[in-house]
Each structure stands twice: as C-alpha cells, then as structure tokens.
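Residue-level structure breakdown
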Amino acid sequence: MKKAKKRSCIDVAIPASKLWVCNIGKNKVAFIKGHRNLPLGVIEKQKKRGKAEVLLTVRPFDSLEHEHVISHVCA
C-alpha cells in the first residue's frame with residue numbers, strides 16, 4: 001500500500017461512533033461506518049476532541065483502485 005505523495009494531508013472531524021480503523025502492516029486506514037464503509041485514507045495523526053468526536057489528519061489515497069483494494073482487504 002502506497003501513500004499519496006502529491007496530495008497533502010487533510011484534517012477531518014468525525015463522530016467517534018462513525019469511525020472504523022483498520023490496521024494493515026504499519027499503517028492505519030480510516031473508514032466512515034455506514035452501509036458502504038467509505039475509506040478516507042491513511043491516518044497520520046489521531047486526536048480525541050471531546051468524548052464524542054475524533055480529529056484525524058489523513059493522507060488520501062492516490063486513486064479509486066487503492067480504495068477498492070483497501071475495502072476488500074479490511075472487509
């Protein structure tokens with residue numbers, strides 16, 4: 001699994017109940033729980049913001065192929 005080199009990290013605030021983290025080797029991949037578990041990207045930093053919210057610094061994937069592979073590996 002390769003991280004996106006051209007894209008910079010983005011900050012995302014997610015309710016803790018909607019966050020799902022999958023470990024793949026040394027990397028942690030963030031997903032939004034739902035009927036289709038949307039992969040956000042590789043987690044660079046994770047910080048709790050209150051009891052019900054998590055602030056993530058995420059590096060998005062390069063292409064849709066990576067998202068499909070990650071979805072099948074972590075499902």
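Note that this is a predicted model, so its numbers are computed, not measured.

Points about the pairing of strand β5 (residues 53–59)
Among the seven residues that make up β5, five are buried, leaving the element largely enclosed by the rest of the structure. Bridge analysis of strand β1 (residues 10–15) against β5 gives six bridges, and the strand direction is antiparallel. When the bridges of β5 are listed, Ile10 appears paired with Val58. Here six bridges tie strand β4 (residues 38–48) to β5, and the two strands are oriented antiparallel to one another. Counted as the bridge partner of Lys45 is Thr57 from β5.

Focus on the pattern of salt bridges
Across all of its chains, the model carries two salt bridges by this definition. A salt bridge links Glu44 to Arg59; the shortest N-O distance between them is 3.5 Å. With Glu44 in strand β4 and Arg59 in strand β5, the pair connects residues that are 15 residues apart, well separated along the chain. Given a relative accessible area of 34%, Glu44 falls into the partly exposed group. Residue Glu53 pairs with Arg49 through a salt bridge whose shortest N-O separation is 3.1 Å.

Topic: the environment of Asp11
Secondary-structure assignment places Asp11 in strand β1. Relative accessible area serves as the criterion here: at 58%, Asp11 is assigned to the exposed category. The contacts of Asp11, once residues within four sequence positions are left out, are Leu55, Leu56 and Thr57. For Asp11, the side chain forms a polar contact with the side chain of Thr57, separated by 2.9 Å.

How each quantity is defined
- Residues numbered from 1 in each chain as written.
- Predicted model: local features only at pLDDT ≥ 70, side-chain atom pairs only at ≥ 80, totals over all residues.
- Heavy atoms only, no water.
- Buried < 20%, exposed > 50% of the residue type's maximum accessible area, 1.4 Å probe, protein only.
- Helix = DSSP H or I, 4+ residues; strand = E, 2+ residues; numbered from the N terminus.
- Pairing = 2+ DSSP bridges.
- Salt bridge = Lys/Arg side-chain N within 4 Å of Asp/Glu carboxyl O.
- Contact = heavy atoms within 4.5 Å.
- Polar contact = N/O pair within 3.5 Å; in protein donor to acceptor, adjacent residues only side chain to side chain.

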